Structure formats: C-alpha cells, structure tokens
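Here are the chains, one letter per residue:
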Amino acid sequence: MRKILLAGAAACALALAGCSGSGNTGAAANKPTVADADKFLADAESQLGDMYEYASHTAWVNENFITYDTDWLNSRASSEVTQLGVKLAVESEKFKGLDLPQDEQRKIMKLRTASVMPSPSGDKKVADELATITTRMQSEYGAGKFTVDGKALNLEELSNIVGESRDPAKLKQVWEGWRTVSPPMKADYARMVEIGNQGAQELGFKNIADMWLSTYDMPPDQMEQTVEKLWTQVQPLYTELHCYVRTRLNQKYGDAVQPKTGPIRADLLGNMWAQDWSNIYPLVAPRASDPGYDLTSILKAKGYDAMKMVKTGEGFYTSLGFDPLPKTFWERSLITRPRDREVVCHASAWDIDNVDDIRIKMCTQVNAEDFQTVHHELGHNFYQRAYDKQDILFRDGANDGFHEAIGDFIALSVTPEYLKQLGLISKVPGPDADIGLLMNRALEKVAFLPFGLRIDKWRWQVFRGQTTPDQYNDAWWALAKQYQGIVPPGPRPADAFDPGAKFHIAANTPYLRYFLSYILQFQFQKAACEQAGWTGPLHRCSIYGNKEVGAKFKTMLEMGASKPWPDALEAFTGTREIDGTAMVDYFAPLMTYLKQQNEGQSCGW
Ligand code: X8Z
Ligand code: ZN
C-alpha cells in the first residue's frame, strides 16, 4: 500500500508522528480538559486529511514521472507532512493522563506511533533535508538501470533474466549489476537514520526500531518476542525446503556452482533478492506430481493482458460481494510501464483522497507472479474502501500485516478449480498433483519467511546503533546467511550498499508487515474455508463467489484501525492470537514429502 506519511516520499500507511514522554508541552497553568482533547483531535484529523490528500497527489505525480522538478515538489510536500505530524504529536502530549474515551486514547496512540521517519520538531531545515534524502533514494531506485550486452536494462528486465536464465555467469552478472544502483544511497541512508533517531527520541522512543515496533497494540519487546515465536513455528518447514532445493540446484549446476552443503548461492533462486523462489519451480518440481499446467504460459496463451489481469482480480472481490472499483480507478491507475519516462515501478496501491480515489501503480507483466501481485494490490484498495467511513486516524489496517495479507489471502483461492471456472484450464488435476501444487506455493510463501524477517532485523540493528555505516553491507549478508541460508555469488565490493538495492530500504517502507502477513493469510484462509464448510485439503479451497464469507470478511475490513488488531482477527477467525500453526498445517503434506526426500542429507548450513 502507498499512503503518505511523515517520512516523506515513501510509505504505506496512514501515519503520523509519535509523541511520548518528552513532556515538553502542556502548561500546568491551563490544564487541558476532555473537551480540549475532542477539539484537538477533530482539528488534527481535519488538517491531516487535507495534508495527506495534497501530499498524495504530489507523491503520485513524482512516482509516475521521476524528474528533478517532481522530486523537488515531492520533497517539499513530504517535509510539510512530516512537520505537521511531528507538531501534532508533540501537542497531543498534553492530553496524557486525562481520562479520555477509549477511541480518543487510541487516536492519540496512533498519533504517537504511526511515524515512519520523524524529524525533530520545529526544525524546518532538517525536515527538508530528510525529505530530500528520502525522495532522492526512492527516485534513484526507481530510475535504476544496468547495461547488459550494450542495452540499459531496468529492474523488470533484469529480474526477468534472474527468473529465466539458467546460466550461472549471466545470473551473477545481472545480480551484481542491479546492485551497482545502490552505493550512492549509503551516505544518505546513514544521515536519514541520524535524523530519524533524533526525531524518534524527541518523541519519547529509544530509536526508530522502538517506534516501528510500537505500532502493534503491545509493548515493542513483546512484539519482538511474538515475532520470534512465529519464526520458531515455521523455521523447520523452511529448513526442509532449503535442503531440498539446494540438492536439486546441486544436481542442476554441479558442485562448483552450488555445493551440496552450506548456504545457497542467492542468484540461483529465480528472484533478484531470493525472496520468492517460484521461478525455479521447473528445476525443483516433484518428479511424480506435476499439476500439468503453468499459469504464466496459460495467461499468455489465453491472450490475457495487464488490464484483463486486473479486471479478473476485481472479479474475485466482486464475487464476494464487494462493490466494483470506481470508474476513476480505471482512469487514473498506472497499469503498465510507460515507455518514455522514469517511474517507480514497484507495485503499490493508493488511496489519494482517503475516500474513493483509489488506484494502483504497477508495471504489470503477463505472468503468474504479477497475477498474484494484482490480487495483492487490489486487496489494499478494497481494504481502503471498506474502512473509508472510519475517522481519519482509523483509516488504516488493523495492523500493517493485515493490510498486506488481504490480497494474498484472496490469491490463495487461485486454485485449479478456480482456474477452471475462469476457463483458463480445462481439467482440474487430481490428488496426485497435490505435492506439485504445494511445492509451487511453498516456493513463494515458505521461501519468503526468513527474508520477510531479516530485512527489518537489519534495520533494527541499524536504528539501534548496533550496526554502523561501515558495517552496513556485512551485517546485511550476515543476516541473509543466518536466516535464509544464502550467500552472494561472489565477494561484494568495498563500496557496496546492497540493502539499497531492495525497494523497501530505498523507499523506507517497514518490512515486518510482510512477515506477519505471510502468517496471517493462512489463518484467514483456514477460517474462511471453515466458514465455507470446506472439508478437503486447504490448498484446494477457493472462496470464489462465497458471499457469506465475503460479508464476514468485509466486517473485519470495515473496522479499519479502530480497534486493537486482536479484535479484528477475532471478528473473522474467532481467535485473538497470531499463530503459525495454520501455515504449518497447510503445508503438512509437503513437509512429509520434503523430509522423505531429504533423508540422508545434512540439512541446514
Ligand atoms: O512490496 C510488496 C507489494 C507492495 S506492498 C508488491 N510486497 C513485498 C515485496 O515485493 O518485497 C509483496 C510481497 C513482499
Ligand atoms: Zn502490499
């Protein structure tokens, strides 16, 4: 999701600066009353609504036409958003300790914790500097190119090579090439951290990590423990998948390229960041369990284009009882990469006016991965629309993991049965294809988990000062090895800043949300299929067309951020705990298969 935040150019959630503990406002003489708090919040929401709308238009233009001037405009708007947010957060401090209604306490808490990257209050110069830095990094990423065989290639083109090539030398060249985009960002990144930490500390947080972790309706250390619990639950599944994939890559490429033991070479996994391995499905497919179709080829063969993919995605949501997307969605969205200008192509969903001006911005390609991403982005839009009757500060996800999980949950219903209903395949493969189907999904979902975790593990270390700028790159790869069991294809240059070659670092978007989303979406799926009365294996369950489930789902979405996230989870699933068991159960038959296949191997790295 894309929404204008304090941080400036980049962001994905309605957000404002936090404020706690500084105690620097609120004159004792004029003790504020509950009525003052009501008025303050009403004014704050009105100002924020206006500011977000203005800054969203600016960011939209900037990201759709990256130029010197749109960077300038976006930096200015983003600085204004930051300054307003910090100011309001500081002002809200004076209502601390008042016996306010729960809603209002929650709104003040949202003001306190929603900032992604605050600057110190009352300092326009530093706010401008921060906004310039964040805009510049994002635009450098968006316009990034690397020349292969005399042709300057953009990220999609480079990613396509990483997805399709089986030539280790070519893979290494392209993988390393994309990472030449980010060294110029390193000094900016370090300065951003410096400013952001000052901002966070003024607002009463230890650092930005503490602030980011304070957005989950529990103390930050408890949230970190929750994340550890989840990782412990799913880690065994990842270790088995890693082991199995490593063996198959060894068989394909030989010991010199991919040894039988130890970590996996990152560029062999079919994705620029090794976060989604589904592109190497053909290399690792279970030998006797072929589903008999390849969604990318089918979409192409059936003449799907980007627009038809988005329309098909919309059709899923309307089948659940959601209203169709507004006409303006189709007029204002960017659905394919324009030929003649620089664009931030990383897929995003926008809510420009916080009501109905919802859009996506995506350089859609006709393939299975983008079919999934279309459902993902639309999930953001349908969520935004569902909570548009909430007050401004509650027009947000129950937590950011929920926002990311909506569309992915819907896409879990893209089963063979559903593809047959769409007329994309003529025959639904039988149970002997189950392991193949699950393998495909695991390459996307299970492979992602340690990646989803280690991105913010790195940032938390950086924000806490445990990793200094001279250690940025080494710490990045130490975590990649520790969690994902992957290594770069060769030594990294001294000036490398590989974190900046991942969108969410360059664009300053928190990442824990995706880890949480990959857990939550399976909880949603389990609950939805139970509601639908499904008794077969979960990976074969599609809720397409189920209006009853749709209505219940919508009830959760309409709550927005008005209640603590466990309330929202309970409304749809009946449980208040985020828990990895649903995901583990979903993949249980695959786990059995992987263990059999891995027998005799020494798994791990
Ligand atoms: O960034 C995204 C979405 C937009 S919120 C396309 N995702 C993460 C990524 O690409 O790194 C979805 C999966 C993880
Ligand atoms: Zn998203």
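Residues numbered from 1 in each chain as written. Chains lettered and ligands numbered in written order. Predicted model: local features only at pLDDT ≥ 70, side-chain atom pairs only at ≥ 80, totals over all residues. Heavy atoms only, no water.

### Thoughts on the overall build of the chain
- Counting secondary structure elements, the chain contains 24 helices and six strands.
- Projected onto the principal axes, the alpha-carbon positions of the chain cover approximately 80 × 55 × 45 Å.
- Partitioning the contacts of the chain with sequence separation of at least 6, the portion at a separation of at least 24 is 79%.
- Summed over its atoms, the accessible surface of the chain is roughly 21900 Å², and 51% of this surface lies on carbon and sulfur atoms. (Helix = DSSP H or I, 4+ residues; strand = E, 2+ residues; numbered from the N terminus. Contact = heavy atoms within 4.5 Å. Areas by Shrake-Rupley, 256 points an atom, 1.4 Å probe, with all protein chains shown as cover.)

### Points about the packing of aromatic side chains
- Across all of its chains, the model carries 42 aromatic pairs by this definition.
- For the pair Phe448 and Tyr518, a centre-to-centre distance of 4.0 Å together with 25° between the ring planes defines the contact as stacked. Taken together, the positions of Phe448 in helix α17 (residues 434-463) and Tyr518 in helix α20 (residues 512-531) put the pair 70 residues apart, joining distant regions of the chain. Both residues of the pair, Phe448 and Tyr518, belong to the buried class.
- An aromatic cluster of at least three residues, connected via ring pairs, comprises Phe402, Phe409, Phe524, Phe553, Trp565 and Phe572.
- Sitting above the plane of the Trp60 ring, Arg359 keeps its charged end 4.8 Å from the centroid.
- Taking the ring centre of Trp273 as reference, the NZ or CZ of Lys502 above it sits at 4.4 Å. (Phe/Tyr/Trp six-rings, centres within 6.5 Å; stacked < 30°, edge-to-face > 60°. Buried < 20%, exposed > 50% of the residue type's maximum accessible area, 1.4 Å probe, protein only. Lys NZ or Arg CZ within 6 Å of the ring centre and 35° of its normal.)

### Let's talk about the site of ligand 1
- Surveying the vicinity of ligand 1 reveals 14 residues, the closest of which are Gln275, His346, Lys502, His504 and Tyr511.
- Lys502 places a side-chain nitrogen or oxygen 2.7 Å from an oxygen atom of ligand 1.
- The separation between an oxygen atom of ligand 1 and a polar side-chain atom of Tyr511 is 2.5 Å.
- For ligand 1, the protein covers 89% of the area, taking 370 Å² as the surface of the free molecule.
- At the level of secondary structure, the elements contributing two or more residues to the shell around ligand 1 comprise α14 (368-386) and α20.
- Across the shell around ligand 1, the residue classes break down as six nonpolar, five polar and three charged. (Near = heavy atom within 4 Å. Polar contact = N/O pair within 3.5 Å; in protein donor to acceptor, adjacent residues only side chain to side chain. Nonpolar A, V, L, I, M, F, W, Y, C, P; charged D, E, K, R; others polar.)

### Quick look at the coordination of the zinc ion (ligand 2)
- Surrounding the zinc ion (ligand 2) are the protein donor atoms His376 (NE2), His380 (NE2) and Glu404 (OE), at 2.0 to 2.1 Å.
- Here the zinc ion (ligand 2) is ringed by four donor atoms whose angles at the metal span 90 to 130°, and the overall shape comes out tetrahedral.
- The exposure class of His380 is buried, given its relative accessible area of 0%. (Donors = N, O, S within 2.8 Å, 3.2 Å for Na, K, Ca; no water. Tetrahedral: all angles 85-135°; square planar, octahedral: opposite > 155°, others 65-115°.)

### Regarding the nonpolar core
- Within the largest apolar cluster, 170 residues are counted, with the highest numbers of intra-cluster contacts made by Tyr189, Val245, Trp277 and Phe524.
- Here the element with the most residues in this core is α17; it accounts for 16 residues.
- With sequence-adjacent residues up to four places away left out, Phe524 is seen in contact with Phe402, Ala405, Ile406, Phe409, Phe553, Met556, Leu569, Phe572 and Thr573.
- Leu48, Ile108, Ile392 and Leu393 belong to the second largest nonpolar core, which has 19 residues in total. (Core = buried A, V, L, I, M, F, W, Y, C linked by side-chain atoms within 4.5 Å.)

### Description of empty space enclosed by the protein
- A full pass over the atoms with the stated rule returns two cavities of 30 Å³ or more.
- There is about 60 Å³ of room inside the second largest cavity.
- If you go around the second largest cavity, the residues you meet are Trp175, Arg179, Ala266, Met272, Trp273, Phe451, Arg454, Trp476, Trp477, Ile486 and Asp498.
- Contributing elements (two or more residues each) for the lining of the second largest cavity: α17 and α18 (472-484). (1 Å grid on protein atoms, 1.4 Å probe; cavity = no way out; pocket = protein on both sides within 12 Å on 5 of 7 lines; lining within 4 Å. Points joined across faces, edges and corners; volume = space filled by probe spheres on them.)

### Topic: the pairing of strand β5 (residues 358-361)
- The two faces of β5 match: Ile358 and Ile360 on one face and Arg359 and Lys361 on the other face are all buried.
- Pairing analysis gives four bridges linking strand β4 (residues 348-351) to β5, with the strands arranged antiparallel. Bridge pairing in β5 links Trp350 to Arg359.
- Between β4 and the antiparallel strand that follows it, β5, lie six residues; Asn354 among them carries a positive phi value of about 65°. (Pairing = 2+ DSSP bridges.)

### As for α20
- Over its 20 residues, α20 extends 29 Å from the first C-alpha to the last, a length consistent with the 28 Å expected when each residue adds 1.5 Å.
- The largest bend in α20 comes to about 25°, at Tyr518.
- Where burial is concerned, most of α20 is hidden: 17 out of the 20 residues are buried.
- Phi for Gly533, located one or two positions after α20, is positive at around 75°. (Expected span 1.5 Å × (residues − 1). Bend = angle between axes of the 7 residues up to and from the residue.)

### Digging into the layout of surface pockets
- The computed volume of the second largest pocket comes to approximately 220 Å³.
- Sorting elements by how many residues they give to the lining of the second largest pocket places helix α2 (residues 68-92) first, with six residues.

### Some points on the packing of helix α9 (residues 220-253) against α17
- It is the contact of α9 with α17, at a shortest axis distance of 9 Å, that shows an interaxial angle of 135°. One way to sum up the angle between α9 and α17 is to call them oblique. Where α9 crosses over α17, the two elements pack in a sense that is left-handed. Where α9 abuts α17, its residues Glu224, Val227, Glu228, Trp231, Val234, Leu237, Tyr238, Leu241, Tyr244 and Val245 lie against Met439, Ala442, Leu443, Val446, Ala447, Leu449, Pro450, Leu453, Lys457 and Trp460.
- A per-class count over the contact of α9 with α17 returns 17 nonpolar, no polar and three charged. (Axes fitted to C-alpha atoms, helices over the stretch in contact; angles between N-to-C directions. Parallel < 35°, antiparallel > 145°, perpendicular 65-115°, else oblique. Left-handed = near helix turned anticlockwise from the far one by under 90°.)

Purely geometric numbers; function is a separate question.
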